Amino acid sequence: MYANIQGVGWGEMYASSTYLDLINQHPEDARLKFIVPKYTTSQVPVVYWVQQETNSAGGANYNYKFQPTFIQGGNTYFTMNGVNYQVFTEVTPFKTNYYFNNSTGGKTYVYSDFDMDKRNGYPKFFVYKCSQQEGIAQL
C-alpha cells in the first residue's frame, strides 16, 4: 500500500534519484516498466535535476530543482534567478540527454518532463512492481 493506485494506498515510498539514474542508463531494463511518475494535473513542461547545496553546518544537502520551461525561437529555455538558460540536447547511442550550461560554464544534466506531485520537495515516482494483479490496485 506504499503507492497510491486508483485512489487506494497512502503513497509514501518513492524510487530514489540514484535508483532512477541507474535504471535509466539501460532503456531495455524491465524495471523501468514498474516506475510510474505521479504527474500534476496541470501538465506543465519542466526540467529538473538534483542539486548539491551546502547546509549551515558545512555539510551537503541534495535537493530537487524544478524549473518550468518555455519555447522561444524553436529552442527550450527556463528561467532561474532572473537568467534564461537554454536546454540543449545531446544524443548518445543509447539515450538522449538534456543539459544546460550553468553559471560557471559547466554542464548541468537535467531531465525534461512534466511537473510532478511532490512530498517534502521530492517528486513522487511510485514503484508498481507488485501491483494491479487481476485488476486489483494493491494486489
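Remember, it's a predicted structure, so these values are computed and weren't measured experimentally.

**Thoughts on the sheet that holds strand β7 (residues 107–114)**
Working step 1: On the basis of which strands lie adjacent, the closed barrel formed by six strands has the order β2-β3-β4-β5-β6-β7 and antiparallel pairing. The mean angle between the axes of side-by-side strands here comes to 40°, regardless of whether they run parallel or antiparallel.
Working step 2: Sheet analysis places strand β2 (residues 45–54) next to strand β3 (residues 60–72), joined by nine bridges and oriented antiparallel. Paired with T54 across the bridge in β3 is A60.

**Side note on the pairing of β3**
Working step 1: The antiparallel pairing of β2 with β3 creates a hairpin that spans five residues between the two strands, and G58 there sits at a positive phi of about 90°.
Working step 2: What sits between β3 and strand β4 (residues 75–80) in their antiparallel hairpin is a turn of two residues, with G73 showing a positive phi close to 60°.

**Thoughts on the nonpolar core**
Working step 1: By size, the foremost hydrophobic cluster in this structure holds ten residues: A15, L20, I23, I35, V46, Y48, Y64, F66, M116 and F125.
Working step 2: At the level of elements, α1 (17–24), β2 and β3 are the ones that each hand at least two residues to this core.
Working step 3: Beyond its immediate chain neighbours, meaning those up to four positions away, M116 contacts P37, K38, Y39, T40, Y48, F66, P123, K124 and F125.

Reading the values: the criteria
- Residues numbered from 1 in each chain as written.
- Predicted model: local features only at pLDDT ≥ 70, side-chain atom pairs only at ≥ 80, totals over all residues.
- Heavy atoms only, no water.
- Pairing = 2+ DSSP bridges.
- Helix = DSSP H or I, 4+ residues; strand = E, 2+ residues; numbered from the N terminus.
- Axes fitted to C-alpha atoms, helices over the stretch in contact; angles between N-to-C directions.
- Core = buried A, V, L, I, M, F, W, Y, C linked by side-chain atoms within 4.5 Å.
- Buried < 20%, exposed > 50% of the residue type's maximum accessible area, 1.4 Å probe, protein only.
- Contact = heavy atoms within 4.5 Å.

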